[in-house]
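Read off the chains here:
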Amino acid sequence: MAQTLEPGSGGLVAIDYLQGRFFPPNPSVRGLFVGHTWAHKKIHFYRAILESIAYDHYLTREIIKELVPDLGLDVITAIGSAAKSKVWMQIKSDILQIPYKNLFRSDLSTLGSAIIAGYSTGLYKDFASGLKRIVKSDLLILPEKDGHKKYLKYIEVYNDLFIALKDIYKKLAFT
């Protein structure tokens, strides 16, 4: 159902942090919905949460680009719950303008251990060959060309909320 909504969830913006923000770190940040009206349904709130996480990825990427300007991001591999929703992967792909793929497996810690063991015993000549042989994707999501443009004003609002509410979050923190 979230797929049927236009980007921006009908003008509803969420802050999805319920226990502080991780990057940049701010333990005072709490969850928030802004812009809701009687016209918004549960699905708008759901999509707004998915979009807010993608907005945060966009802002984080901008910080990383400043810190490491030569870092190339050609594709993002989603794992866990992030890899289970085509809609969420499409939202993130559109916002970041980067293809998203998933892994066809969920047992990643066991898989990583198996690759390390294979390398250690000489089964693989290096980690890359072990990865290529075992780690496969079964879904590739391509970004809609200029798909991020539909989200830019919401990303700006999302970022502005952190700045505007900085002192409010501190007042509410740990009460």
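Keep in mind the model is a prediction, meaning the values are calculated, not measured. (Residues numbered from 1 in each chain as written. Predicted model: local features only at pLDDT ≥ 70, side-chain atom pairs only at ≥ 80, totals over all residues. Heavy atoms only, no water.)

Regarding the sheet that holds strand S6 (residues 100-102)
Part 1: Read across the open sheet, the three strands follow the order S5-S6-S7; overall the sheet is mixed. Sheet topology places strand S5 (76-78) and strand S7 (140-141) at the edges, where each strand pairs with a single neighbour.
Part 2: Direction of pairing for S5 relative to S6: parallel, over a ladder of three bridges. Within S6, the position partnered with Thr77 by the bridge is Lys101. (Pairing = 2+ DSSP bridges. Helix = DSSP H or I, 4+ residues; strand = E, 2+ residues; numbered from the N terminus.)

A closer look at the packing of aromatic side chains
Part 1: In total, this model carries six aromatic pairs according to the counting rule given.
Part 2: Residues Phe33 and Phe45 carry aromatic rings whose centres are separated by 4.8 Å and whose planes lie at 70 degrees to one another, so their mutual orientation is edge-to-face. Of the two residues, Phe33 is situated in strand S4 (residues 32-34) and Phe45 in helix H1 (residues 42-67); the sequence distance between them amounts to twelve residues.
Part 3: Look at Tyr55 and Tyr151: their rings are 6.2 Å apart centre to centre, the planes differ by 65 degrees, and that puts the pair in the edge-to-face class. Taken together, the residues span a long stretch of sequence, with Tyr55 in helix H1 and Tyr151 in the loop between S7 and helix H5 (152-164) at a distance of 96 residues.
Part 4: A residue is classified by how much of its surface remains accessible, and Tyr151, at 2% relative accessible area, is buried.
Part 5: Among the aromatic side chains, those forming a connected cluster through ring pairs are Tyr17, Phe22, Tyr55, Tyr151, Tyr158 and Phe162.
Part 6: A cation sits over an aromatic face here: Arg21 above Phe162, 3.7 Å from the ring centre.
Part 7: Looking at Lys92, its charged tip hangs above the ring of Trp88, at a distance of 4.0 Å from the centre. (Phe/Tyr/Trp six-rings, centres within 6.5 Å; stacked < 30°, edge-to-face > 60°. Buried < 20%, exposed > 50% of the residue type's maximum accessible area, 1.4 Å probe, protein only. Lys NZ or Arg CZ within 6 Å of the ring centre and 35° of its normal.)

Quick notes on the nonpolar core
Buried together is how nonpolar side chains tend to be arranged in soluble globular proteins.
Part 1: Of all hydrophobic cores here, the largest spans 33 residues; its most connected members are Ile15, Tyr55, Ile91, Ile95, Ile155 and Tyr158.
Part 2: Where this core is concerned, the elements lending two or more residues are strand S1 (13-15), H1, helix H2 (86-96) and H5.
Part 3: The element contributing the most residues to this core is H1, with seven residues. (Core = buried A, V, L, I, M, F, W, Y, C linked by side-chain atoms within 4.5 Å.)

Examining the packing of H1 against H5
Part 1: At a minimum axis distance of 10 Å, the contact between H1 and H5 shows a crossing angle of 80 degrees. Judged by the inter-axis angle, H1 sits roughly perpendicular to H5. On H5, the residues that touch Ser52, Tyr55, Asp56, Tyr58 and Leu59 of H1 are Leu152, Tyr154, Ile155, Tyr158, Asn159 and Phe162.
Part 2: Grouping the constituent residues of the contact of H1 with H5 by class yields eight nonpolar, two polar and one charged. (Axes fitted to C-alpha atoms, helices over the stretch in contact; angles between N-to-C directions. Parallel < 35°, antiparallel > 145°, perpendicular 65-115°, else oblique. Contact = heavy atoms within 4.5 Å. Nonpolar A, V, L, I, M, F, W, Y, C, P; charged D, E, K, R; others polar.)

Some points on the confidence of the model for the protein chain
Low pLDDT marks regions whose predicted coordinates should not be analysed in detail.
Part 1: Within the protein chain, residue pLDDT values average 89, and 97% of them lie at 70 or more.
Part 2: Mean pLDDT in the protein chain bottoms out at helix H4 (residues 127-134), which sits at 74, and peaks at S1, which reaches 96. (pLDDT = per-residue confidence, 0-100.)

Things to note about the environment of Phe162
Part 1: By secondary structure assignment, the location of Phe162 is in helix H5.
Part 2: Taking C-alpha positions, Phe162 is 8.0 Å from Val29, a pair spaced 133 residues apart along the chain.
Part 3: Ignoring any residue separated from it by four or fewer positions in sequence, one finds Phe162 in contact with Ile15, Tyr17, Arg21, Val29 and Asp56.

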